[in-house]
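Structural features, examined
Take a look at the letters that make up each chain.
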Amino acid sequence: MGKADFLSPKAIANRIKSKGLQKLRWYCQMCQKQCRDENGFKCHCMSESHQRQLLLASEDPNKFMDYFSDEFKNDFIELLSRRFGTKRVHNNIIYNEYISHREHVHMNSTQWETLTDFTKWLGREGLCKVDETPKGWYVQYIDRDPETIRRQEEQARKKKQDLDDEERSAKFIEEQVRRGAKEVEETPVFTELKRESEEEKVAFNMGASACVAGPSKSSAALGASALRAAAAAAASTKRKDTSSDSRGDKKKKSALEEIMEMEEKKRKKQQQTVRTDHWLQPNIVVKVVTKRLGEKYHKKKAVITEVRDKYGAVVKMIDSGDKLKLDQSHVETVIPAPGKRVLILNGPHRDAEALLEGIDVKNFSATLTLESGPLKGKTVDVAYEDFSKLA
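Source: prediction; values computed, not measured. (Residues numbered from 1 in each chain as written. Predicted model: local features only at pLDDT ≥ 70, side-chain atom pairs only at ≥ 80, totals over all residues. Heavy atoms only, no water.)

Let's talk about the overall build of the chain
What the chain contains, in helices and strands, is 10 helices and 15 strands. The burial tally for the chain puts 26% of its 391 residues in the buried class. Within the chain, contacts between residues separated by at least 24 positions form 46% of all contacts whose residues are at least 6 apart in sequence. A total accessible area of about 28,500 Å² is found for the chain, and carbon and sulfur atoms account for 53% of it. (Helix = DSSP H or I, 4+ residues; strand = E, 2+ residues; numbered from the N terminus. Buried < 20%, exposed > 50% of the residue type's maximum accessible area, 1.4 Å probe, protein only. Contact = heavy atoms within 4.5 Å. Areas by Shrake-Rupley, 256 points an atom, 1.4 Å probe, with all protein chains shown as cover.)

The structure is reproduced here in structure tokens:
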């Protein structure tokens with residue numbers, strides 16, 4: 001009796017029955033044939049083609065088992081790397097997805113009896129990281145692709161070469177501090193000229209050149225003038241000493257010092273009153289510090305394009321160009337290298353543009369030269385968190 005036509009009801013029914021997975025015990029791996037019931041599998045085992053395949057397998061059974069084992073291992077690892085990458089996943093999830101393909105290599109034809117044995121073998125061979133939990137065995141693929149390793153090395157090399165603004169600034173600051181300390185050591189210390197006693201005379205050494213030509217009228221006149229100047233200086237010094245003794249040991253402040261002290265107190269008071277708890281401004285560079293958005297945006301720089309409700313902002317990532325809506329607590333200011341333009345965000349000079357002259361690491365502040373506002377051209381000290389780099 002011939003086969004039924006392609007569009008006949010029997011042929012359509014056979015195709016529907018053959019779809020999907022069948023029972024594993026009715027599958028012949030040598031012939032790669034799936035039977036639908038026990039009778040069909042029995043008829044297949046008695047067929048001439050199956051007997052011929054058994055004769056071939058009996059000649060070298062290890063060869064066929066190694067072949068099926070390699071096929072199963074390669075397909076399983078390929079599915080794991082392509083579908084899950086280097087994520088940690090349960091081995092049963094991978095196996096269920098693997099056997100959903102009808103033409104897969106069945107485990108009963110390989111050298112492993114169970115999925116647990118195969119998972120342990122992957123860990124011993126170093127192909128995957130495996131660990132056992134109360135929920136079962138978990139596997140994690142180890143990517144040893146030469147292209148992936150080369151890409152990782154290239155990224156590490158690029159990251160090492162391309163230092164960001166903060167690292168360059170830190171190196172510049174260390175160099176400036178080192179030079180400043182060296183200059184302080186070499187700078188001479190000047191002290192006030194004081195006489196230990198009132199009987200001490202002030203003497204001037206005019207040098208040997210004044211007496212080389214012998215006594216003359218000019219030298220005599222010069223000596224007389226020098227003596228008169230010395231006498232006048234001694235008299236003034238004596239008057240100052242007597243006046244200071246009468247007033248006491250306490251030194252009175254000059255008018256200039258009093259004015260400077262009043263200005264300093266006024267400036268500190270003004271800084272305390274002008275400060276606010278919100279500092280976001282458009283067109284400044286900030287750094288994302290929150291980890292809720294993942295490693296893609298953590299520690300990455302962005303430009304504020306819009307400020308909403310004082311404490312929220314719409315930022316545009318510099319690297320990827322993505323736009324995010326973040327809170328003020330999710331970002332921090334960026335300190336550029338000296339010579340760059342910044343915007344003051346808080347304090348008495350708020351909203352003023354300035355030029356970064358230097359950074360004081362010990363006091364966590366920077367020296368800025370104002371470029372706008374009523375005090376344009378003035379140099380001020382501003383804390384790190386009160387200014388940021390302009391976009």
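After presenting the structure, the write-up continues.
So, the sheet that holds strand β13 (residues 365-370)
Two orientations exist for strands paired in a sheet by backbone hydrogen bonds: parallel and antiparallel. The five strands are arranged β14-β13-β12-β11-β15 in an open sheet whose pairing can be described as antiparallel. Both edges of this open sheet fall to β14 (379-383) and β15 (387-389), since each of them pairs with a single strand only. Averaged over all neighbouring strand pairs, the angle between strand axes comes to 45°, with direction disregarded. (Pairing = 2+ DSSP bridges. Axes fitted to C-alpha atoms, helices over the stretch in contact; angles between N-to-C directions.)

A look at the sheet that holds strand β4 (residues 128-133)
Strands sit in the order β3-β5-β4 across an open sheet of three strands; the sheet is antiparallel. Edge strands, defined here as strands with exactly one partner in the open sheet, are β3 (88-90) and β4. With strand direction ignored, the average angle separating the axes of adjacent strands in the sheet is 30°. Sheet topology places β4 next to strand β5 (residues 136-141); six bridges connect them, and they run antiparallel. When the bridges of β5 are listed, aspartate 131 appears paired with tyrosine 138. Where helix α4 (residues 61-83) meets the sheet, it contacts β3, β4 and β5, and its direction lies at approximately 75° from that of β5.

Here's the deal with the pairing of β14
Residues of β14 alternate between two faces, with Val380 and Val382 buried on one and Thr379, Asp381 and Ala383 left unburied on the opposite face. Pairing between β13 and β14: five bridges, direction antiparallel. Paired with serine 365 across the bridge in β14 is alanine 383.

Concerning unusual backbone geometry
One non-glycine residue, asparagine 283, lies in the positive phi region at around 70°. Its location among the elements puts asparagine 283 in the loop between α10 (255-274) and β6 (285-288). With a phi angle near 70°, aspartate 351 is a residue other than glycine that sits in the positive phi range. Within the fold, aspartate 351 resides in the loop between β11 (341-344) and β12 (353-360). By relative accessible area, which is 48% here, aspartate 351 ends up partly exposed.

Regarding the packing of aromatic side chains
Counted under the stated rule, the structure contains 11 aromatic pairs. Arranged with centres 6.2 Å apart and planes meeting at 45°, the rings of phenylalanine 72 and tryptophan 112 form a pair that is tilted. Taken together, the residues phenylalanine 72 in helix α4 and tryptophan 112 in the loop between α5 (91-98) and α6 (115-125) connect sequence positions 40 residues apart. Considered together, phenylalanine 72 and tryptophan 112 belong to a single accessibility category, that of buried residues. Feature note: the residues Phe72, Phe76, Tyr98, Trp112, Phe118 and Trp121 constitute an aromatic cluster, connected by ring pairs. (Phe/Tyr/Trp six-rings, centres within 6.5 Å; stacked < 30°, edge-to-face > 60°.)

Observations concerning a negative patch on the surface
A surface patch of like charges, here negative, comprises Glu59, Asp60, Asp66 and Asp70. Looking at where aspartate 70 falls in the secondary structure, it is placed in helix α4. We classify aspartate 70 as partly exposed; its relative accessible area is 42%. (Patch = residues over 30% accessible without salt bridge, like charges linked within 9 Å, V, L, I, M, F, W, Y side chains within 5 Å. Salt bridge = Lys/Arg side-chain N within 4 Å of Asp/Glu carboxyl O. Lys, Arg positive; Asp, Glu negative; His and termini not counted. Charge placed at Lys NZ, Arg CZ, Asp CG, Glu CD.)

Examining the packing of α4 against α5
One can describe the packing of α4 onto α5 by two numbers: an axis separation of 10 Å at closest approach and a directional angle of 110°. Judged on the interaxial angle alone, α5 and α4 are roughly perpendicular. Classified by chirality, the crossing of α5 by α4 is right-handed. Between α4, through Phe72, Asp75, Phe76, Leu79, Leu80 and Arg83, and α5, the contact on the second element is made entirely by Asn91, Ile94, Tyr95, Glu97 and Tyr98. (Parallel < 35°, antiparallel > 145°, perpendicular 65-115°, else oblique. Left-handed = near helix turned anticlockwise from the far one by under 90°.)

Points about the pattern of salt bridges
Within this structure, the stated rule accounts for 11 salt bridges. Where arginine 341 meets glutamate 353, a salt bridge forms, and the shortest distance between an N and an O atom there is 2.2 Å. One end of the pair, arginine 341, is in strand β11; the other, glutamate 353, is in strand β12, with 12 residues separating them in the sequence. Take arginine 341: its relative accessible area is 38%, and that puts it in the partly exposed class.

Observations concerning the nonpolar core
Formed by 22 residues in total, the largest nonpolar core has its most connected members in Phe72, Phe76, Leu80, Ile94, Tyr95, Phe118 and Leu122. Sorting the residues of this core by element identifies α4, α5, α6 and β5 as the ones contributing at least two each. The greatest single-element share of this core, amounting to six residues, is contributed by α4. In this structure, leucine 80 is in contact with Gly85, Val89, Ile94, Cys128, Val139 and Tyr141, ignoring residues within four places of it in sequence. Membership of the second largest hydrophobic core comes to 17 residues, among which are Val288, Tyr297, Ile304 and Leu390. (Core = buried A, V, L, I, M, F, W, Y, C linked by side-chain atoms within 4.5 Å.)

A few points about the side chain of serine 388
The residue serine 388 is located in strand β15 in this model. Relative accessible area serves as the criterion here: at 0%, serine 388 is assigned to the buried category. A distance of 3.2 Å separates a polar atom in the side chain of serine 388 from the backbone nitrogen of valine 334. When near neighbours in sequence (up to four residues on either side) are disregarded, serine 388 contacts Ile284, Val285, Thr333, Val334, Val342, Leu343 and Leu345. (Polar contact = N/O pair within 3.5 Å; in protein donor to acceptor, adjacent residues only side chain to side chain.)

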